[in-house]
Amino acid sequence: DTAVSQTPKYLVTQMGNDKSIKCEQNLGHDTMYWYKQDSKKFLKIMFSYNNKELIINETVPNRFSPKSPDKAHLNLHINSLELGDSAVYFCASSQEWGSTDTQYFGPGTRLTVL
Amino acid sequence: KQEVTQIPAALSVPEGENLVLNCSFTDSAIYNLQWFRQDPGKGLTSLLLIQSSQREQTSGRLNASLDKSSGRSTLYIAASQPGDSATYLCAVTGGSYIPTFGRGTSLIVHP
């Protein structure tokens, strides 16, 4: 069984479009995250949600809007896509906010903006 | 602001060698340090998690050490195999509970 899943795996789109990436975890975790990995492989946190509430927003442009309909899902919607948004986006989850246990990562969504 | 540096950036070794990957961090006030493995086109898999009160963790051929006072961690891989080829990422989590990642060491183990 897949612990953290993301769809789609690949996303190719034109500048200016709006797109969404979906994430689901079946681990029963309270906390979920979105990370961005750029072309130089640098992985940086974007958002964190705990029990459907936003707790971290790391100076991400407001074109990015996460939505958590329930604890098991954290979707990422991106408006007016720009070339610089091209990256791999990873979803992750952990047991609870403030826990020092490991995070479980999804397989990533490779977004290419043309 | 926490900064994490991994050296070397890339490493190519013949099968069977023992090797050491290095990770250094600037702020020693951490809760834990974690080593991940990332395969091409895949997500991250946690290898070893060292809590701040611990000095090392071992799993199979992997051993990770932590020296908080000097801001260093090493990942030791014994008897390397081609299947160990991947990118190894180090991440430290501090008071904000936000992990800070290094840029990784890309490892190739050739037969």
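So, here's what we can say about the structure. These numbers were taken from a predicted model, which means no experiment stands behind them.

### Some remarks on the interface of chain A and chain B
- Contacts between chain A and chain B engage 20 residues on the former and 18 residues on the latter.
- Together chain A and chain B conceal approximately 1,700 Å² of surface at their shared face, both sides included; 58% is due to carbon and sulfur atoms.
- Counting across the chain A and chain B interface gives 0 salt bridges.
- For the interface between chain A and chain B, the tally reads 4 residue pairs in polar contact (both at pLDDT 80 or more).
- Breaking the side of chain A that touches chain B down by element, the ones donating at least two residues are β4 (31-37) and β5 (43-50) of chain A.

### Here we look at the layout of surface pockets
- Considering only enclosed or pocket space, the largest pocket measures out at about 460 Å³ in volume.
- Surrounding the largest pocket, 22 residues form its lining, Phe42 of chain A together with Lys1, Gln2, Thr100 and Phe101 of chain B being those nearest its centre.
- Contributions of two or more residues to the lining of the largest pocket are made by β5 of chain A together with β1 (4-7), β9 (86-94) and β10 (99-101) of chain B.
- Looking at the lining of the largest pocket residue by residue, the class counts come to 9 nonpolar, 7 polar and 6 charged.
- Of the voids in this model, the second largest pocket is the one considered here, and its volume is about 380 Å³.
- Around the second largest pocket, the lining comprises 24 residues; the ones closest to its centre are Gln37 and Lys41 of chain A together with Gln38, Pro40 and Gly41 of chain B.

### Structural notes on the sheet that holds strand β8 (residues 73-78) of chain A
Residue and element names in this part refer to chain A.
- Pairing is antiparallel across the open sheet formed by 4 strands, whose spatial order is β1-β3-β8-β7. With one partner strand each, in any of the chains shown, β1 (4-7) and β7 (64-70) form the two edges of the open sheet. Strand-to-strand twist in this sheet, taken as the mean axis angle between neighbours without regard to direction, amounts to 20°.
- When β7 meets β8, the two strands line up antiparallel, connected through 5 bridges. For Asp70, the partnering residue across the bridge sits in β8 and is His73.

### Notes on the nonpolar core
- Formed by 22 residues in total, the largest nonpolar core has its most connected members in Phe25, Leu33, Trp35, Leu75, Ile77, Tyr88 and Leu107 of chain B.
- The contacts of Phe25 of chain B, once residues within four sequence positions are left out, are Gln2, Glu3, Val4, Ile30, Leu33, Leu66, Asp67, Lys68, Gly71, Arg72 and Val92 of chain B.
- Ile21, Trp34, Val60 and Ala87 of chain A belong to the second largest nonpolar core, which has 20 residues in total.

### A look at unusual backbone geometry
- With an omega of -5°, the peptide bond running from Thr7 of chain A to Pro8 of chain A counts as cis.
- Of the consecutive residues Ile7 of chain B and Pro8 of chain B, the connecting peptide bond is found in the cis state with omega at -5°.
- Note that Pro8 of chain B resides in the loop between β1 and β2 (10-14).
- Phi is positive for Lys41 of chain A, which is not a glycine, with a value near 70°.
- Examined against the element boundaries, Lys41 of chain A turns out to sit in the loop between β4 and β5.
- Phi at Asn51 of chain A takes a positive value of approximately 50°, unusual for a residue other than glycine.
- Along the chain, the position of Asn51 of chain A falls in the loop between β5 and β6 (53-57).

Rules used in this analysis
Residues numbered from 1 in each chain as written. Chains lettered and ligands numbered in written order. Predicted model: local features only at pLDDT ≥ 70, side-chain atom pairs only at ≥ 80, totals over all residues. Heavy atoms only, no water. Contact = heavy atoms within 4.5 Å. Buried area = accessible area lost by both parts, 1.4 Å probe. Salt bridge = Lys/Arg side-chain N within 4 Å of Asp/Glu carboxyl O. Polar contact = N/O pair within 3.5 Å; in protein donor to acceptor, adjacent residues only side chain to side chain. Helix = DSSP H or I, 4+ residues; strand = E, 2+ residues; numbered from the N terminus. 1 Å grid on protein atoms, 1.4 Å probe; cavity = no way out; pocket = protein on both sides within 12 Å on 5 of 7 lines; lining within 4 Å. Points joined across faces, edges and corners; volume = space filled by probe spheres on them. Nonpolar A, V, L, I, M, F, W, Y, C, P; charged D, E, K, R; others polar. Pairing = 2+ DSSP bridges. Axes fitted to C-alpha atoms, helices over the stretch in contact; angles between N-to-C directions. Core = buried A, V, L, I, M, F, W, Y, C linked by side-chain atoms within 4.5 Å. Buried < 20%, exposed > 50% of the residue type's maximum accessible area, 1.4 Å probe, protein only.

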